[in-house]
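Spelled out from the first residue to the last, the chains are:
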Amino acid sequence: MASRSLLDGLLGTTTRSINNPVGDNSIGSIAGSSADLNIVTSNTNMQIINFIEENYGQHSASKNYHNIPTNILVYDSLFNNIQNILNKITTPELITIVTAIKQLLTASFNSLSLHRDNIVQNITISTLNNQIQDLLNGKNRELLLKQNTSGNISITQSFSLAPVYNYYIAIYGMPLQGQGFNPLKVSYIADVLIGMNIDPYN
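A quick note: this is a predicted structure, and the numbers were derived from the prediction, not measured.

Caption draft 1: Up close: the overall build of the protein. Counting its secondary structure elements, the protein contains 6 helices and 0 strands. For the protein, the N- to C-terminal ordering of α and β elements is α-α-α-α-α-α. Every one of the 202 residues in the protein was classed for burial, and the buried ones make up 23%. Within the protein, residue pairs in contact and separated by at least 24 positions form 61% of the contacts whose partners lie at least 6 positions apart.

Caption draft 2: Broad picture of the nonpolar core. Grouped together as the largest cluster of nonpolar side chains are 31 residues, with contacts concentrated most on Val40, Ile52, Tyr56, Ile82, Val98 and Val164. Broken down by secondary-structure element, the contributors of at least two residues to this core are helix H2 (43–61), helix H3 (72–88), helix H4 (92–146), helix H5 (163–172) and helix H6 (183–195). By residue number, the principal contributor to this core is H4, which donates 8 residues.

Caption draft 3: Looking closely at the packing of aromatic side chains. All chains considered together, the criterion is met by 6 aromatic pairs. Judged by centre distance (4.3 Å) and plane angle (15°), the rings of tyrosine 75 and phenylalanine 109 are stacked. Of this pair, tyrosine 75 sits in helix H3 while phenylalanine 109 is found in helix H4, placing the two residues 34 residues apart along the sequence. Among the residues examined, phenylalanine 109 registers a relative accessible area of 11% and is labelled buried. Site record: aromatic cluster; members linked through ring pairs are Tyr165, Tyr168, Tyr172 and Phe181. Taking the ring centre of tyrosine 188 as reference, the NZ or CZ of arginine 116 above it sits at 5.6 Å. Stacked on the ring of tyrosine 172, the Lys or Arg lysine 185 has its end atom at 4.5 Å from the ring centre.

Caption draft 4: Representation of H5 in the model. Of all the residues in H5, the buried ones are Pro163, Val164, Tyr167 and Tyr168. Buried residues of H5, viewed axially, fall in a sector of 135°; they line one side. Positive backbone phi, at 90°, marks glycine 173, one or two positions downstream of H5.

Caption draft 5: Representation of unusual backbone geometry within the structure. Positioned with a positive phi, lysine 63 is a non-glycine residue whose angle comes to about 60°. Relative to the elements of secondary structure, lysine 63 occurs in the loop between H2 and H3. Relative accessible area serves as the criterion here: at 61%, lysine 63 is assigned to the exposed category.

Caption draft 6: Inspection of the side chain of histidine 59 at higher detail. Checked against the element boundaries, histidine 59 lands in helix H2. The class of histidine 59 is buried, set by a relative accessible area of 17%. If near-sequence neighbours (up to four positions away) are discounted, histidine 59 is found in contact with Glu54, Asn64, Tyr65, Asn67 and Ile68.

Caption draft 7: Expanded view of the environment of threonine 106. Inspection of the secondary structure assignment puts threonine 106 in helix H4. A C-alpha to C-alpha distance of 8.0 Å links threonine 106 and phenylalanine 79, two positions 27 residues apart in sequence. If we skip the residues at most four places from it in the chain, threonine 106 touches Tyr75 and Phe79.

Caption draft 8: Inspection of the confidence of the model for the protein at higher detail. Summarising the model, the protein shows a mean pLDDT of 80, and 72% of its residues fall at 70 or more. The secondary structure element of the protein with the lowest average pLDDT is helix H1 (residues 27–40), at 74, and the one with the highest is H3, at 96. For the stretch residues 18–22, pLDDT sits under 50, and the model shows 2 contacts to residues farther than four places along the chain or on other chains.

Here is what the cut-offs are and how they apply
Residues numbered from 1 in each chain as written. Predicted model: local features only at pLDDT ≥ 70, side-chain atom pairs only at ≥ 80, totals over all residues. Heavy atoms only, no water. Helix = DSSP H or I, 4+ residues; strand = E, 2+ residues; numbered from the N terminus. Buried < 20%, exposed > 50% of the residue type's maximum accessible area, 1.4 Å probe, protein only. Contact = heavy atoms within 4.5 Å. Core = buried A, V, L, I, M, F, W, Y, C linked by side-chain atoms within 4.5 Å. Phe/Tyr/Trp six-rings, centres within 6.5 Å; stacked < 30°, edge-to-face > 60°. Lys NZ or Arg CZ within 6 Å of the ring centre and 35° of its normal. Arc of directions from axis to C-beta. pLDDT = per-residue confidence, 0-100.

Written as structure tokens, this is what we have:
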């Protein structure tokens, strides 16, 4: 059975079954979609999806990377659970949604690694800049000592913060007055420094 298009008058090439004129997207497809929806929205799977959204997606979107869980075992477990959901469903729309959740998990975990690498690079650059400045200061001091000059001498008192706070300021900026340093960010930077064999507090 061929049908004529009302728009262009051409005959269509699709045929329709007399028993099922609507096509394949009928009762069987609806039942499959319902079963897939039940799988995705089961209590256990929704807990997993909500956990990913709250602990990975929200923190990544708000650039609070230091709050993203760093435990690779937790990440692997979540990834495998989402992959198990994908293996059980066949509805294309649900596959797309669950795939997006899996990609959100992966992208958030990767953004944590990139943020950590960025902090390591900033610490390395800062350390090298300090070493260069120390060398330049030493050279300038030698030049002043070799010259017989007279002039005024001023004495200043300086203090230094623990490395973790110096790097905190370099990466996140100076905390607002009255707020102090964010302890989660301080702890995160301390972990990075320890990973680089740098004592964060000395």
